[in-house]
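Descriptive analysis of the structure
So you can see what is in the structure, the chains are spelled out below.
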Amino acid sequence: MFIKDLRKEFYDVLLEQRVLIMVNHDVDALCSVKLITTLFKYDKIRFTLIPITETDEMVKVFQTYQQSVKYFLLLNCGAQIDIAEVLEPDDHHVIFIADSHRPVDVYNVYRPDQVKLLMDEDDVEDVPDYNDVFREEDEDDEEEDEDAPQRSRSLEELERRHEKRLWEEKRRKVLLSYSEYTYYGESISWLFFKLAWTLSKDSNELLWLTIIGIFDLHINERITRKTFLGYVSQLKSHLKRLSQLKSGENLFNAPNPSIDDILDVPVSRRTFVSITHKKDLKVNLYRHWNLYESFQHTRLLSCKFKVWERTGICRFKEFLADLGLPLSQCRNNFSAMDFDLRKNVLEWVENLSEKYNLDGIVGDSFEAKHGFRHHFAVDDMVYGLNALLESPCRELNLKEKFMKALEALSWSKIEVIMKGIELAQSQLKAILKQVHDLIELKAIETKGPYLYAMISHTQPDARLFRYPGCLYNLARFLLRAFLASSKKKKLMNLPLVLVVREVDDPDSCLAVGIPPAAEDPTRNLFARLFVQTAHDLRVEVLPLLYDFNVVRFRFEQMNQILDRLVTSFSN
């Protein structure tokens with residue numbers, strides 16, 4: 001059931017209690033953990049934090065703690081499955097779910113006691129009416145005795161069975177329509193920031209976490225531009241409000257703050273972080289890189305100039321010359337460029353964006369500063385955190401990588417996020433190289449209603465693509481690059497399935513499906529198609545908690561599954 005009052009029905013319930021937090025492996029969930037546990041620490045709510053990546057992990061964790069914990073909080077996982085059926089909780093257990101994945105399973109929506117959805121009901125589209133999906137069974141329908149054949153011949157019984165068949169057919173269509181597409185709802189970082197605001201415990205630090213979570217959804221194309229701009233407007237409003245408080249930000253910037261000024265500020269609102277909103281280049285990690293490589297590894301620019309081709313490199317260099325940027329300067333680290341070039345590059349790119357059809361190359365951004373030395377743009381934080389979560393380091397397991405990324409959100413651990421930014425640069429290089437190789441080898445095939453490509457586990461960078469986020473980014477880049485290289489307009493309407501064989505387990509495959517370039521990238525039907533294909537073939541296709549459009553299956557079943565997808569598209 002949906003929670004109406006987040007403070008009374010969720011937060012106040014947990015006061016003086018212990019809660020087990022299970023969190024998914026993405027940046028929005030990461031930021032929400034930092035945010036909600038900060039609130040928990042203020043009010044001395046005891047908690048245990050466990051990152052998870054698979055449904056089986058969720059079940060094992062629940063079974064381990066079910067005897068000692070009553071309250072469970074699931075972050076960015078659990079909403080899309082019948083959580084009570086999966087976990088089989090006792091009557092006294094309460095499961096809170098804060099999840100931006102949609103659609104929400106109807107059993108979670110209508111289960112009144114054990115499952116509490118921390119989300120706005122209006123944020124979940126087209127939830128079916130209760131009577132359309134649930135029906136009280138007649139006693140006669142359930143009985144099986146010697147008289148059953150006689151009753152079945154009666155007119156009344158035939159009518160009842162006919163009604164039931166009609167209802168079941170309607171139910172099937174309603175559920176199919178409801179679950180046809182997966183999409184994303186409200187950021188859970190934003191959800192918990194609004195809770196902090198209600199509790200008068202919001203601050204610039206918490207606002208910064210929220211900004212990172214929202215930009216993660218935006219950068220990974222999980223929300224529409226209209227939704228994103230709505231978030232930006234509200235974030236700017238909160239930023240203005242917090243800056244007007246007698247807050248730690250003002251104290252930090254003031255030359256000689258008095259002790260009375262400091263003590264007048266509630267502990268929860270004392271802050272040493274300042275945030276500014278600005279227009280910025282949407283160019284990957286350019287502050288920590290050089291413009292030449294940063295431009296090349298930004299999907300919009302790379303696909304516009306087709307930098308994987310020789311002629312594309314020539315056009316790219318002409319673009320830099322048109323900007324007035326010497327190649328020698330572009331190959332220097334951005335911080336080492338001439339000051340006048342650094343100061344004007346944003347304006348110069350914006351002035352040429354219409355000429356080169358670079359819509360979106362300049363957009364909204366936020367920057368946070370801690371003291372005079374440490375300042376980061378939100379886009380760089382998102383790339384760095386994603387890279388830490390999906391680090392190829394073999395010495396760390398997934399849980400340790402999550403905790404390392406959580407560390408990176410602390411201003412006292414700047415070296416961790418800097419390591420993440422280095423990893424992000426390596427990922428971007430690997431993605432562009434893989435795109436070049438696949439296009440050069442003509443490895444993207446048309447398979448009826450969709451495009452298909454596969455990465456071998458023997459590829460040098462295959463280990464990077466065993467993670468769903470990196471595989472998703474490669475798929476988006478590859479589809480755009482392939483369309484830029486092709487002259488066939490009909491390909492704009494074809495989705496892409498990208499498969500990679502696991503490096504550590506070559507008998508297993510990871511696959512992602514993404515929608516056509518001509519359609520809304522935030523709505524994806526592959527989750528339903530994969531489920532339908534698995535059902536038809538009676539094989540195991542396991543969706544990942546990260547995103548149900550990413551699945552794992554056995555390599556020996558790959559051709560069978562891909563062929564069956566063609567049929568699933570037509571159904």
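Quick look at the pattern of salt bridges
Enumeration according to the criterion identifies 31 salt bridges in this entry. Residues Arg161 and Glu157 are paired through a salt bridge, measuring 2.9 Å at the closest nitrogen-oxygen approach. In this pair, Arg161 and Glu157 are both assigned in helix H9 (residues 155–178), 4 residues apart and thus about one turn of the helix distant. Arg161 gets classed as partly exposed once you look at its relative accessible area, which sits at 39%. The shortest N-O distance in the salt bridge between Asp504 and Arg463 comes to 3.0 Å.

So, unusual backbone geometry
Across residues other than glycine, the phi torsion is negative in most instances, and most of the peptide bonds are trans. The residue after Arg102, namely Pro103, is reached through a cis peptide bond having omega 5°. By secondary structure assignment, the location of Pro103 is in the loop between strand E5 (101–102) and helix H5 (106–110). One non-glycine residue, Lys44, lies in positive phi territory at about 55°. Within the secondary structure, Lys44 is located in the loop between helix H2 (27–42) and strand E2 (46–51). Even without being glycine, Asn76 reaches a positive phi, approximately 55°. On the secondary structure map, Asn76 appears in the loop between strand E3 (71–75) and helix H4 (83–87). The exposure class assigned to Asn76 is buried, which follows from its relative accessible area of 1%.

A look at the packing of helix H10 (residues 188–198) against helix H12 (residues 225–244)
Close contact between H10 and H12 brings their axes to 13 Å; oriented N to C, the two are set at 30°. One finds that H10 runs roughly parallel with respect to H12. You can see that H10 and H12 cross each other, and the crossing is left-handed. Within the contact between the two elements, H10 uses Trp190, Phe193 and Trp197 and H12 uses Tyr231, Gln234, Leu235, His238, Arg241 and Leu242. Looking at side-chain class alone, the contact of H10 with H12 contains 6 nonpolar, 2 polar and 1 charged residues.

Here's the deal with the packing of aromatic side chains
One pass over the full model with this rule turns up 25 aromatic pairs. Measuring from ring centre to ring centre gives 5.0 Å for Phe10 and Phe96, while their planes differ by 70°; the resulting arrangement is edge-to-face. Pair noted here: Phe10 is in helix H1 (residues 6–14) and Phe96 is in strand E4 (residues 94–98), with a separation of 86 residues, a long-range link. Both residues of the pair, Phe10 and Phe96, count as buried. Centroid distance Tyr107 to Phe134: 5.0 Å. Interplanar angle 80°. Geometry classified as edge-to-face. Placement of the pair is Tyr107 in helix H5 and Phe134 in the loop between helix H6 (130–133) and helix H7 (139–142), with a sequence separation of 27 residues. Grouping aromatic residues by their ring pairs yields a cluster made of Tyr292, Phe295, Phe305, Phe316, Phe319 and Tyr356. When the ring centre of Tyr467 is taken as origin, the NZ or CZ atom of Arg466, which lies over that ring, is 5.1 Å away. For Arg501, the ring lying beneath its charged end belongs to Phe555, and the centroid distance is 3.7 Å.

Some points on the pairing of E3
With 5 of 5 residues buried, E3 is to be regarded as a mostly interior element. Side chains of E3 alternate between two faces, with Tyr71, Leu73 and Leu75 and Phe72 and Leu74 buried alike. Where strand E1 (residues 18–23) and E3 come together, 5 bridges link them in parallel fashion. The partner of Val19 across the bridge, within E3, is Tyr71. Bridging between E3 and E4 involves 5 bridges; their strand directions are parallel. Each residue of the ladder has a partner; that of Leu74, found in E4, is Ile97.

Structural notes on the side chain of Asp202
Position of Asp202 relative to the elements: it lies in the loop between H10 and helix H11 (204–219). A distance of 2.5 Å separates a polar atom in the side chain of Asp202 from a polar atom in the side chain of Arg241.

Let's talk about the nonpolar core
By size, the foremost hydrophobic cluster in this structure holds 78 residues, and its most contacted members are Phe10, Leu118, Phe192, Trp208, Ile212 and Phe366. Per-element accounting of this core gives the leading share, 10 residues, to H11. Of all hydrophobic cores here, the second largest spans 63 residues; its members include Leu341, Val362, Phe465 and Ile514.

Points about the environment of Val435
For Val435, the location among the structural elements is in helix H22 (residues 414–440). Residue classification places Val435 among the buried positions, given a relative accessible area of 0%. Sequence separation between Val435 and Ala475 is 40 residues; the distance between their C-alpha atoms is 9.0 Å.

Analysis parameters
Residues numbered from 1 in each chain as written. Predicted model: local features only at pLDDT ≥ 70, side-chain atom pairs only at ≥ 80, totals over all residues. Heavy atoms only, no water. Salt bridge = Lys/Arg side-chain N within 4 Å of Asp/Glu carboxyl O. Helix = DSSP H or I, 4+ residues; strand = E, 2+ residues; numbered from the N terminus. Buried < 20%, exposed > 50% of the residue type's maximum accessible area, 1.4 Å probe, protein only. Axes fitted to C-alpha atoms, helices over the stretch in contact; angles between N-to-C directions. Parallel < 35°, antiparallel > 145°, perpendicular 65-115°, else oblique. Left-handed = near helix turned anticlockwise from the far one by under 90°. Contact = heavy atoms within 4.5 Å. Nonpolar A, V, L, I, M, F, W, Y, C, P; charged D, E, K, R; others polar. Phe/Tyr/Trp six-rings, centres within 6.5 Å; stacked < 30°, edge-to-face > 60°. Lys NZ or Arg CZ within 6 Å of the ring centre and 35° of its normal. Pairing = 2+ DSSP bridges. Polar contact = N/O pair within 3.5 Å; in protein donor to acceptor, adjacent residues only side chain to side chain. Core = buried A, V, L, I, M, F, W, Y, C linked by side-chain atoms within 4.5 Å.

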